[in-house]
Amino acid sequence: MAKHWADFQYEIYLRGMSGAVPRLPTDLSRLEELTEQRLGPGPVGYVAGSAGTGSTADANRAALDRRRIVPRMLRDVAERDLSVEVLGHSLPAPLALAPVGVLSLMHPDAEPAAARAAAAQGVPYILSSASSTPMEEVAEAMGDGERWFQLYWAKDREVTRSFLHRAKAAGFTALFVTLDTPLLAWRPRDLDQAYLPFLHGVGTANYFTDPAFTAGLAKPVHEDPDAAVMHFVGMFADPAKTWPDLAFLRENWDGPIVLKGILHPQDALLAAEAGMDGVVVSNHGGRQVAGSVAAADALPRVAKAAGDRLTVLFDSGIRTGDDIVKALALGAKSVLVGRPYAYGLGLDGQAGVEHVIRCLLAEFDLTLALSGHSRPTTLTADDLIEESA
(Lines give C-alpha, C1' and ligand atoms only; values in the text may rest on other atoms or scores of the structure.)
Protein backbone atom coordinates (compact mmCIF):
# COMPACT_ATOMS: atom_id res chain seq x y z
CA MET A 1 0.00 0.00 0.00
CA ALA A 2 1.36 3.41 -0.94
CA LYS A 3 2.24 5.88 1.78
CA HIS A 4 -0.51 8.39 2.45
CA TRP A 5 1.15 11.74 3.05
CA ALA A 6 -2.21 13.01 4.32
CA ASP A 7 -1.75 10.96 7.51
CA PHE A 8 0.47 13.80 8.77
CA GLN A 9 -2.69 15.65 9.79
CA TYR A 10 -3.77 12.80 12.09
CA GLU A 11 -0.27 12.68 13.56
CA ILE A 12 -0.69 16.37 14.45
CA TYR A 13 -4.17 15.86 15.90
CA LEU A 14 -3.07 12.86 17.98
CA ARG A 15 -0.15 14.81 19.43
CA GLY A 16 -2.67 17.47 20.33
CA MET A 17 -4.30 14.97 22.70
CA SER A 18 -1.29 15.49 24.98
CA GLY A 19 -1.25 19.24 24.47
CA ALA A 20 1.40 19.42 21.73
CA VAL A 21 0.95 21.75 18.79
CA PRO A 22 3.24 22.13 15.75
CA ARG A 23 6.33 24.27 16.32
CA LEU A 24 5.72 26.01 12.99
CA PRO A 25 2.48 27.03 11.26
CA THR A 26 0.87 24.52 8.91
CA ASP A 27 -0.20 27.44 6.69
CA LEU A 28 3.18 27.85 5.01
CA SER A 29 2.32 31.32 3.74
CA ARG A 30 2.88 32.53 7.31
CA LEU A 31 6.53 31.46 7.39
CA GLU A 32 7.89 34.51 5.60
CA GLU A 33 6.48 36.91 8.19
CA LEU A 34 7.85 34.82 11.07
CA THR A 35 11.26 34.69 9.42
CA GLU A 36 11.22 38.47 8.97
CA GLN A 37 10.65 38.82 12.71
CA ARG A 38 13.46 36.48 13.73
CA LEU A 39 16.29 37.10 11.27
CA GLY A 40 18.13 40.25 10.24
CA PRO A 41 16.98 42.41 7.32
CA GLY A 42 20.00 41.57 5.15
CA PRO A 43 19.61 37.77 5.16
CA VAL A 44 15.81 37.87 5.00
CA GLY A 45 15.88 40.44 2.22
CA TYR A 46 18.25 38.31 0.18
CA VAL A 47 15.92 35.29 0.32
CA ALA A 48 12.54 37.03 0.31
CA GLY A 49 13.41 39.89 -2.02
CA SER A 50 12.53 40.15 -5.69
CA ALA A 51 13.46 42.15 -8.74
CA GLY A 52 12.11 45.69 -9.03
CA THR A 53 8.84 46.33 -7.23
CA GLY A 54 8.20 42.62 -6.73
CA SER A 55 5.60 42.62 -9.52
CA THR A 56 6.81 39.31 -10.97
CA ALA A 57 6.68 37.51 -7.62
CA ASP A 58 3.17 38.90 -7.12
CA ALA A 59 2.20 37.77 -10.62
CA ASN A 60 3.42 34.25 -9.86
CA ARG A 61 1.02 34.00 -6.96
CA ALA A 62 -1.83 35.67 -8.85
CA ALA A 63 -1.46 33.26 -11.80
CA LEU A 64 -1.78 30.25 -9.50
CA ASP A 65 -4.63 31.80 -7.51
CA ARG A 66 -6.50 32.64 -10.71
CA ARG A 67 -6.69 28.95 -11.60
CA ARG A 68 -9.39 27.17 -9.63
CA ILE A 69 -9.71 23.42 -9.17
CA VAL A 70 -12.97 21.76 -10.25
CA PRO A 71 -13.45 18.76 -7.92
CA ARG A 72 -15.09 15.56 -9.17
CA MET A 73 -17.26 13.35 -6.94
CA LEU A 74 -17.79 9.63 -6.31
CA ARG A 75 -14.42 8.48 -7.53
CA ASP A 76 -12.52 5.84 -5.58
CA VAL A 77 -9.68 7.71 -3.90
CA ALA A 78 -9.26 5.43 -0.86
CA GLU A 79 -5.84 4.29 -2.03
CA ARG A 80 -3.57 6.91 -3.55
CA ASP A 81 -0.14 6.71 -5.10
CA LEU A 82 1.65 10.03 -5.45
CA SER A 83 4.79 8.56 -7.01
CA VAL A 84 6.09 9.84 -10.34
CA GLU A 85 8.93 9.04 -12.73
CA VAL A 86 11.22 12.03 -13.23
CA LEU A 87 14.52 12.02 -15.13
CA GLY A 88 14.77 8.26 -14.88
CA HIS A 89 14.09 8.14 -11.14
CA SER A 90 11.01 6.98 -9.27
CA LEU A 91 10.08 9.66 -6.73
CA PRO A 92 7.56 9.23 -3.88
CA ALA A 93 5.83 12.48 -4.82
CA PRO A 94 6.11 15.19 -7.50
CA LEU A 95 8.25 17.50 -5.36
CA ALA A 96 11.93 18.44 -5.06
CA LEU A 97 13.71 21.13 -3.07
CA ALA A 98 14.77 23.90 -5.43
CA PRO A 99 18.33 25.21 -5.45
CA VAL A 100 18.57 28.07 -2.95
CA GLY A 101 22.04 29.51 -2.41
CA VAL A 102 23.78 30.81 0.72
CA LEU A 103 21.58 28.93 3.19
CA SER A 104 24.02 29.71 6.00
CA LEU A 105 22.25 33.09 6.03
CA MET A 106 19.16 31.28 7.32
CA HIS A 107 20.68 28.74 9.73
CA PRO A 108 24.19 27.66 10.73
CA ASP A 109 23.43 24.07 9.65
CA ALA A 110 22.82 25.48 6.16
CA GLU A 111 22.63 23.20 3.09
CA PRO A 112 23.44 19.93 4.92
CA ALA A 113 20.34 20.38 7.11
CA ALA A 114 18.11 20.93 4.08
CA ALA A 115 19.71 17.98 2.30
CA ARG A 116 19.19 15.70 5.31
CA ALA A 117 15.55 16.79 5.49
CA ALA A 118 15.01 15.98 1.82
CA ALA A 119 16.69 12.59 2.20
CA ALA A 120 14.64 11.78 5.30
CA GLN A 121 11.41 12.45 3.39
CA GLY A 122 12.61 10.79 0.17
CA VAL A 123 12.42 13.87 -2.06
CA PRO A 124 15.31 15.10 -4.23
CA TYR A 125 17.51 17.97 -3.11
CA ILE A 126 18.98 20.32 -5.70
CA LEU A 127 22.21 21.90 -4.48
CA SER A 128 23.03 25.40 -5.65
CA SER A 129 26.45 26.26 -7.06
CA ALA A 130 26.22 29.22 -4.67
CA SER A 131 26.11 26.94 -1.65
CA SER A 132 27.73 27.97 1.61
CA THR A 133 28.86 24.34 2.03
CA PRO A 134 31.06 22.39 -0.42
CA MET A 135 29.13 19.93 -2.54
CA GLU A 136 31.03 16.93 -1.17
CA GLU A 137 29.94 17.73 2.41
CA VAL A 138 26.32 18.11 1.34
CA ALA A 139 26.45 14.78 -0.49
CA GLU A 140 27.88 13.08 2.59
CA ALA A 141 25.16 14.61 4.78
CA MET A 142 22.34 13.09 2.74
CA GLY A 143 23.75 9.60 2.29
CA ASP A 144 21.88 7.74 -0.45
CA GLY A 145 19.28 10.49 -0.89
CA GLU A 146 18.51 11.57 -4.46
CA ARG A 147 20.53 14.68 -5.25
CA TRP A 148 20.77 16.93 -8.26
CA PHE A 149 23.28 19.73 -8.90
CA GLN A 150 22.44 23.24 -10.06
CA LEU A 151 25.09 24.99 -12.14
CA TYR A 152 25.72 28.68 -12.37
CA TRP A 153 27.64 28.59 -15.61
CA ALA A 154 30.98 30.31 -14.97
CA LYS A 155 33.01 32.22 -17.57
CA ASP A 156 35.98 29.98 -16.74
CA ARG A 157 35.56 26.71 -18.63
CA GLU A 158 37.94 24.84 -16.37
CA VAL A 159 36.03 25.83 -13.24
CA THR A 160 32.78 24.69 -14.88
CA ARG A 161 34.40 21.42 -15.96
CA SER A 162 35.76 20.89 -12.45
CA PHE A 163 32.33 21.53 -10.88
CA LEU A 164 30.75 18.94 -13.16
CA HIS A 165 33.37 16.32 -12.41
CA ARG A 166 33.15 16.97 -8.66
CA ALA A 167 29.35 16.77 -8.72
CA LYS A 168 29.39 13.50 -10.60
CA ALA A 169 31.98 12.05 -8.21
CA ALA A 170 29.81 13.12 -5.25
CA GLY A 171 26.79 11.22 -6.56
CA PHE A 172 24.71 14.04 -8.04
CA THR A 173 22.71 12.37 -10.81
CA ALA A 174 21.15 15.25 -12.76
CA LEU A 175 22.41 18.68 -13.79
CA PHE A 176 20.18 21.75 -13.56
CA VAL A 177 21.60 24.71 -15.49
CA THR A 178 20.22 28.09 -14.46
CA LEU A 179 19.97 30.27 -17.57
CA ASP A 180 18.11 33.29 -16.22
CA THR A 181 20.92 34.79 -14.13
CA PRO A 182 23.70 35.86 -16.52
CA LEU A 183 23.56 39.12 -14.56
CA LEU A 184 22.16 39.93 -11.13
CA ALA A 185 18.88 41.80 -11.42
CA TRP A 186 18.02 45.14 -9.83
CA ARG A 187 16.91 43.99 -6.35
CA PRO A 188 15.94 46.95 -4.16
CA ARG A 189 15.78 45.05 -0.87
CA ASP A 190 19.42 44.02 -1.26
CA LEU A 191 20.44 47.40 -2.65
CA ASP A 192 18.82 49.32 0.19
CA GLN A 193 20.85 47.25 2.67
CA ALA A 194 23.92 47.41 0.38
CA TYR A 195 24.07 43.68 1.05
CA LEU A 196 25.37 41.00 -1.29
CA PRO A 197 26.51 37.89 0.61
CA PHE A 198 29.07 36.81 -2.00
CA LEU A 199 31.13 39.94 -1.37
CA HIS A 200 31.51 38.71 2.21
CA GLY A 201 32.68 35.31 1.02
CA VAL A 202 29.32 33.68 1.80
CA GLY A 203 27.87 31.35 -0.84
CA THR A 204 31.29 30.78 -2.40
CA ALA A 205 32.21 27.45 -0.75
CA ASN A 206 32.14 25.41 -3.96
CA TYR A 207 34.44 27.91 -5.65
CA PHE A 208 36.87 28.42 -2.77
CA THR A 209 37.35 24.63 -2.50
CA ASP A 210 37.74 24.09 -6.23
CA PRO A 211 41.23 23.33 -7.61
CA ALA A 212 40.53 25.02 -10.95
CA PHE A 213 39.33 28.14 -9.16
CA THR A 214 42.19 28.32 -6.68
CA ALA A 215 44.70 27.79 -9.51
CA GLY A 216 43.76 31.28 -10.68
CA LEU A 217 44.68 32.90 -7.34
CA ALA A 218 48.06 34.37 -6.48
CA LYS A 219 47.62 33.35 -2.84
CA PRO A 220 45.48 30.74 -1.04
CA VAL A 221 41.96 31.89 -0.20
CA HIS A 222 42.66 32.22 3.53
CA GLU A 223 45.66 34.46 2.90
CA ASP A 224 43.84 36.93 0.65
CA PRO A 225 40.09 36.39 0.88
CA ASP A 226 39.31 39.71 -0.82
CA ALA A 227 41.24 38.68 -3.92
CA ALA A 228 39.36 35.35 -3.93
CA VAL A 229 36.04 37.18 -3.75
CA MET A 230 36.96 39.44 -6.66
CA HIS A 231 38.13 36.42 -8.70
CA PHE A 232 34.72 34.84 -8.01
CA VAL A 233 32.83 38.01 -8.99
CA GLY A 234 34.73 38.16 -12.26
CA MET A 235 33.71 34.68 -13.36
CA PHE A 236 30.39 33.99 -11.61
CA ALA A 237 28.19 34.30 -14.69
CA ASP A 238 28.59 34.91 -18.39
CA PRO A 239 26.05 36.98 -20.36
CA ALA A 240 27.81 36.02 -23.61
CA LYS A 241 26.65 32.37 -23.52
CA THR A 242 24.42 31.15 -26.37
CA TRP A 243 22.66 27.91 -27.34
CA PRO A 244 25.69 26.31 -29.08
CA ASP A 245 27.59 26.52 -25.78
CA LEU A 246 25.35 23.76 -24.39
CA ALA A 247 27.49 21.27 -26.31
CA PHE A 248 30.26 21.83 -23.75
CA LEU A 249 27.98 20.76 -20.92
CA ARG A 250 26.84 17.65 -22.78
CA GLU A 251 30.49 16.73 -23.41
CA ASN A 252 31.26 16.97 -19.69
CA TRP A 253 28.10 15.53 -18.12
CA ASP A 254 26.74 12.09 -18.98
CA GLY A 255 23.50 12.30 -16.99
CA PRO A 256 20.27 14.24 -17.55
CA ILE A 257 20.61 17.98 -18.19
CA VAL A 258 17.72 20.29 -17.33
CA LEU A 259 17.59 23.96 -18.32
CA LYS A 260 16.13 26.17 -15.60
CA GLY A 261 14.45 29.47 -16.43
CA ILE A 262 12.52 28.57 -19.58
CA LEU A 263 9.41 30.73 -20.18
CA HIS A 264 9.04 30.85 -23.98
CA PRO A 265 7.87 27.80 -25.99
CA GLN A 266 10.50 28.48 -28.65
CA ASP A 267 13.21 28.11 -26.00
CA ALA A 268 11.76 24.72 -25.07
CA LEU A 269 12.10 23.66 -28.72
CA LEU A 270 15.69 24.91 -28.79
CA ALA A 271 16.41 22.94 -25.61
CA ALA A 272 15.09 19.77 -27.21
CA GLU A 273 17.10 20.38 -30.38
CA ALA A 274 20.22 20.85 -28.24
CA GLY A 275 19.74 17.38 -26.76
CA MET A 276 18.64 18.50 -23.32
CA ASP A 277 16.50 16.24 -21.15
CA GLY A 278 14.21 18.71 -19.42
CA VAL A 279 13.30 22.28 -18.59
CA VAL A 280 12.15 24.10 -15.48
CA VAL A 281 9.48 26.66 -16.23
CA SER A 282 10.65 29.36 -13.84
CA ASN A 283 11.22 33.08 -13.53
CA HIS A 284 13.57 32.58 -10.56
CA GLY A 285 10.75 33.27 -8.14
CA GLY A 286 10.44 36.79 -9.49
CA ARG A 287 14.04 37.61 -8.62
CA GLN A 288 15.39 38.34 -12.09
CA VAL A 289 13.06 40.12 -14.53
CA ALA A 290 10.65 42.66 -13.08
CA GLY A 291 7.48 42.65 -15.15
CA SER A 292 8.09 39.12 -16.41
CA VAL A 293 5.35 36.74 -17.40
CA ALA A 294 4.13 34.69 -14.44
CA ALA A 295 5.60 31.20 -14.45
CA ALA A 296 2.17 29.51 -14.26
CA ASP A 297 0.98 31.55 -17.25
CA ALA A 298 4.02 30.41 -19.25
CA LEU A 299 3.72 26.75 -18.22
CA PRO A 300 0.95 25.50 -20.58
CA ARG A 301 2.62 26.87 -23.71
CA VAL A 302 6.04 25.50 -22.75
CA ALA A 303 4.56 22.11 -21.87
CA LYS A 304 2.77 21.95 -25.22
CA ALA A 305 5.96 22.84 -27.09
CA ALA A 306 8.00 20.30 -25.11
CA GLY A 307 5.58 17.46 -25.85
CA ASP A 308 7.20 14.12 -25.10
CA ARG A 309 10.70 15.38 -25.91
CA LEU A 310 11.44 17.02 -22.55
CA THR A 311 10.58 16.53 -18.90
CA VAL A 312 8.81 19.71 -17.80
CA LEU A 313 9.27 20.84 -14.20
CA PHE A 314 7.91 23.98 -12.56
CA ASP A 315 8.86 26.46 -9.89
CA SER A 316 8.14 30.08 -8.90
CA GLY A 317 5.27 30.63 -6.52
CA ILE A 318 4.61 27.18 -5.04
CA ARG A 319 3.35 27.69 -1.48
CA THR A 320 0.57 25.12 -0.97
CA GLY A 321 -0.56 21.64 -1.87
CA ASP A 322 -3.21 22.99 -4.19
CA ASP A 323 -0.50 24.94 -6.03
CA ILE A 324 1.12 21.59 -6.82
CA VAL A 325 -2.17 20.22 -8.14
CA LYS A 326 -2.55 23.25 -10.40
CA ALA A 327 1.02 23.09 -11.74
CA LEU A 328 0.64 19.41 -12.63
CA ALA A 329 -2.71 20.05 -14.29
CA LEU A 330 -1.05 22.80 -16.36
CA GLY A 331 1.55 20.37 -17.69
CA ALA A 332 4.39 19.97 -15.18
CA LYS A 333 5.65 16.51 -14.23
CA SER A 334 6.89 17.71 -10.84
CA VAL A 335 7.46 20.97 -8.97
CA LEU A 336 10.32 22.56 -7.08
CA VAL A 337 9.73 24.51 -3.89
CA GLY A 338 12.19 27.18 -2.78
CA ARG A 339 11.51 30.00 -0.33
CA PRO A 340 9.14 28.08 2.00
CA TYR A 341 11.78 25.49 2.88
CA ALA A 342 14.40 28.23 3.30
CA TYR A 343 12.09 29.88 5.83
CA GLY A 344 11.51 26.53 7.53
CA LEU A 345 15.27 26.10 7.78
CA GLY A 346 15.67 29.56 9.26
CA LEU A 347 12.99 28.95 11.87
CA ASP A 348 13.73 25.38 12.93
CA GLY A 349 16.71 23.88 11.09
CA GLN A 350 16.33 20.43 9.55
CA ALA A 351 13.06 19.85 11.43
CA GLY A 352 11.67 23.04 9.89
CA VAL A 353 12.48 21.85 6.37
CA GLU A 354 10.89 18.46 7.05
CA HIS A 355 7.81 20.26 8.38
CA VAL A 356 7.51 22.21 5.13
CA ILE A 357 7.87 19.08 2.98
CA ARG A 358 5.31 17.13 5.01
CA CYS A 359 2.80 19.99 5.10
CA LEU A 360 3.03 20.53 1.34
CA LEU A 361 2.64 16.86 0.52
CA ALA A 362 -0.13 16.24 3.07
CA GLU A 363 -2.12 19.12 1.62
CA PHE A 364 -1.33 17.95 -1.92
CA ASP A 365 -2.46 14.40 -1.10
CA LEU A 366 -5.72 15.66 0.41
CA THR A 367 -6.43 18.17 -2.36
CA LEU A 368 -5.75 15.53 -5.00
CA ALA A 369 -8.10 13.04 -3.34
CA LEU A 370 -10.82 15.57 -2.60
CA SER A 371 -10.68 16.64 -6.24
CA GLY A 372 -11.33 13.06 -7.35
CA HIS A 373 -7.84 11.82 -8.22
CA SER A 374 -5.79 8.96 -6.81
CA ARG A 375 -2.66 9.64 -8.90
CA PRO A 376 -0.96 12.86 -10.00
CA THR A 377 -0.75 11.59 -13.57
CA THR A 378 -4.52 11.84 -14.13
CA LEU A 379 -4.58 15.63 -13.67
CA THR A 380 -5.20 17.66 -16.83
CA ALA A 381 -6.13 21.22 -17.72
CA ASP A 382 -9.78 20.09 -17.71
CA ASP A 383 -9.54 19.90 -13.92
CA LEU A 384 -9.10 23.68 -13.74
CA ILE A 385 -10.98 26.76 -14.72
CA GLU A 386 -9.32 30.14 -15.09
CA GLU A 387 -10.96 33.15 -13.57
CA SER A 388 -10.73 36.38 -15.54
CA ALA A 389 -7.84 38.53 -14.40
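Note that the structure is predicted; figures quoted are calculated from it, not measured. Numbering of residues begins from 1 in every chain and follows the order in which that chain's sequence is written. Only residues with pLDDT of at least 70 are given local features in this predicted model, and only at 80 or more are side-chain atom pairs given and counted; all residues enter the totals for whole chains, interfaces and linings. In computing side-chain values, all of the structure's heavy atoms are included and hydrogens and water are not.

> Please explain the overall build of the protein chain as it appears in this structure.
Each helix corresponds to a stretch of at least 4 residues labelled H or I by DSSP, and each strand to a stretch of at least 2 residues labelled E; elements are numbered beginning at the N terminus. Tallying secondary structure elements over the protein chain gives 16 helices and 12 strands in all. Here the globule rule reads 2.2 Å times residues to the power 0.38, and the radius of gyration is calculated from C-alpha atoms. In terms of overall size, the protein chain behaves like a compact globule, its C-alpha atoms giving a radius of gyration of 20 Å where 389 residues would be expected to give roughly 21 Å. In terms of its C-alpha atoms, the protein chain occupies a principal-axis envelope of roughly 70 × 50 × 40 Å. For the protein chain, with 389 residues in total, the buried portion stands at 57%. Contacts: residue pairs with any heavy atoms within 4.5 Å of one another. Excluding contacts between residues fewer than 6 apart, the proportion of contacts in the protein chain whose partners are at least 24 apart in sequence is 75%. The rule is simple: take the accessible area with a 1.4 Å probe, protein chains only, and divide by the maximum for that residue type; under 20% is buried, over 50% is exposed, in between is partly exposed.

> Even after reading the chapter, I still don't get the pattern of salt bridges, so can you show me in this structure?
Once the charged atoms of two side chains with opposite charge are near each other, the side chains can pair. Take a side-chain nitrogen of Lys or Arg and a carboxyl oxygen of Asp or Glu: if they are within 4 Å of each other, that pair is a salt bridge. Counted according to the given criterion, the structure contains 20 salt bridges. Salt-bridge contacts for Asp 254 lead to Lys 168; the nearest nitrogen and oxygen are separated by 3.0 Å. With a gap of 86 residues between them, Asp 254 in the loop between helix H12 (246–252) and strand E8 (257–262) and Lys 168 in helix H7 (residues 157–169) connect regions that are remote in the sequence. Owing to a relative accessible area of 69%, Asp 254 belongs among the exposed residues under this scheme.

> What should I look at first to understand unusual backbone geometry in this one?
Residues apart from glycine generally show negative phi values, whereas peptide bonds are mostly found in trans. The phi torsion at Val 102 lies on the positive side, around 40 degrees, for a residue other than glycine. Structurally, Val 102 is set in the loop between strand E4 (95–97) and helix H5 (110–121). Among the residues examined, Val 102 registers a relative accessible area of 1% and is labelled buried. For Ala 194, which is not glycine, the phi torsion reads 50 degrees and is therefore positive. Its location among the elements puts Ala 194 in the loop between helix H8 (188–193) and helix H9 (205–208). We classify Ala 194 as exposed; its relative accessible area is 69%.

> How do you make sense of the packing of helix H1 (residues 8–16) against helix H16 (residues 339–370) when you look at a structure like this?
Relative placement of two packed helices is described by the angle separating their axes and the distance separating the axes. Running from N to C, H1 and H16 cross one another at 115 degrees; their axes reach a closest spacing of 9 Å. Facing Phe 8, Gln 9 and Glu 11 of H1, the residues of H16 in contact are His 355, Arg 358, Cys 359, Ala 362 and Leu 366. Residue polarity follows a fixed list, in which Ala, Val, Leu, Ile, Met, Phe, Trp, Tyr, Cys and Pro are nonpolar, Asp, Glu, Lys and Arg are charged, and the others, Gly among them, are polar. Considering only residue class, the contact of H1 with H16 consists of 4 nonpolar, 2 polar and 2 charged. Angular values range over 0 to 180 degrees, each being the angle between N-to-C directions of two axes fitted as lines to C-alpha atoms, with helices fitted over their stretch in contact.

> Help me out: how do you make sense of the UniProt feature "binding site: glyoxylate" (unreviewed entry) in the protein chain in this one?
UniProt positions are given in the numbering used here, feature names are shortened, and annotations may be inferred rather than shown by experiment. Feature annotation in UniProt places "binding site: glyoxylate" (unreviewed entry) on Tyr 46, Tyr 152, Arg 187, Lys 260, His 284 and Arg 287, given in this structure's numbering. Set against the largest cavity, the annotated residues that line it come down to Tyr 46, Tyr 152, Arg 187, Lys 260, His 284 and Arg 287. In this fold, Tyr 152 is placed in the loop between strand E6 (147–151) and H7. For Tyr 152, a relative accessible area of 12% gives the class buried. Not counting residues within four places of it along the chain, the set of residues in contact with Tyr 152 comprises Ser 128, Ser 129, Ala 130, Thr 178, Thr 181, Tyr 207, Phe 236 and His 284. A cavity here means a set of points on a 1 Å grid, drawn over the protein atoms and nothing else, where a 1.4 Å probe fits but cannot get out; a pocket is an open set with protein on both sides within 12 Å along at least five of seven lines, and a residue lines either one if it has an atom within 4 Å of a point.

> What exactly am I supposed to notice about the side chain of Asp 238 here?
Along the chain, the position of Asp 238 falls in the loop between helix H11 (225–235) and H12. The class for Asp 238 is buried, based on a relative accessible area of 17%. Polar contact criterion, stated in full: a pair of N or O atoms within 3.5 Å, where within protein one must be able to donate a hydrogen and the other to accept it, and residues adjacent in sequence count only if both atoms are side-chain atoms. Within the structure, the side chain of Asp 238 is placed 3.0 Å from the backbone nitrogen of Ala 240, a separation counted as a polar contact. Polar contacts involving the side chain of Asp 238 include one to the side chain of Lys 241, which spans 2.9 Å. Each residue touching Asp 238, except ones within four places of it in the same chain, is listed here: Trp 153, Lys 155 and Pro 182.

> In this structure, what is going on with the nonpolar core? I would like to understand it.
When a protein is soluble and globular, its nonpolar side chains tend to lie buried together. Ranked by size, the top nonpolar core spans 112 residues in total, and within it Leu 103, Tyr 125 and Phe 314 carry the most contacts. For this core, the element with the highest residue contribution is H16, accounting for 14 residues. Every residue in contact with Leu 103, bar those within four places of it in the chain, is listed here: Ala 110, Glu 111, Ala 114, Tyr 125, Ser 132, Tyr 341, Ala 342 and Leu 345. Within the second largest apolar cluster, 14 residues are counted, among which are Leu 91, Ile 126, Leu 313 and Leu 336. Throughout, nonpolar core names a set of buried Ala, Val, Leu, Ile, Met, Phe, Trp, Tyr and Cys residues whose side chains join them through atoms within 4.5 Å.

> Even after reading the chapter, I still don't get the side chain of Asp 383, so can you show me in this structure?
Locating Asp 383 in the fold gives a position in the loop between H16 and strand E12 (384–386). Only 2.9 Å separates the side chain of Asp 383 from the backbone nitrogen of Thr 380, close enough to count as a polar contact. When sequence neighbours within four positions are dropped, the list of residues in contact with Asp 383 reads Arg 68, Ile 69, Val 70, His 373 and Thr 378.

> Help me out: how do you make sense of the environment of Met 276 in this one?
By the element assignment, Met 276 lies in the loop between helix H13 (265–273) and strand E9 (278–281). With 18 residues separating them along the chain, Met 276 and Val 258 place their C-alpha atoms 6.3 Å apart.

> Mind showing me how you'd approach empty space enclosed by the protein here?
One water molecule sets the probe size; rolling that probe over the atoms shows where empty space is left. Grid points are joined across faces, edges and corners, and a volume is the space filled by probe spheres set on the points. Inspection of every chain in the model, using the stated rule, returns 1 cavity of 30 Å³ or more. The volume enclosed by the largest cavity comes to roughly 450 Å³. For the largest cavity, the lining is made up of 29 residues, of which Pro 99, Val 100, Lys 260, His 284 and Arg 287 are closest to its centre. Contributions of two or more residues to the lining of the largest cavity are made by helix H3 (41–48) and strand E11 (334–337).

> Got a minute to help me understand the layout of surface pockets in this structure?
The space that makes up the largest pocket amounts to roughly 360 Å³. Forming the walls of the largest pocket are 17 residues, and the residues nearest its centre are Trp 153, Leu 179, Pro 182, Lys 241 and Thr 242. Taken together, the residues that form the lining of the largest pocket break down as 10 nonpolar, 4 polar and 3 charged.

> Hey, could you run me through the pairing of E11 in this one?
Put simply, side chains in a regular strand alternate between the two faces of the sheet. On E11, burial covers both faces: Ser 334 and Leu 336 on one face and Val 335 and Val 337 on the other are all buried. One ladder, built from 3 bridges, connects E4 with E11; its direction is parallel. From the neighbouring strand, Leu 95 faces E11, where its bridge partner is Val 335. Pairing geometry for strand E10 (residues 311–314) and E11, over 2 bridges, is parallel. Bridged to Leu 313 within E11 is Ser 334. Any two strands are treated as partners once DSSP identifies two or more bridges connecting them.

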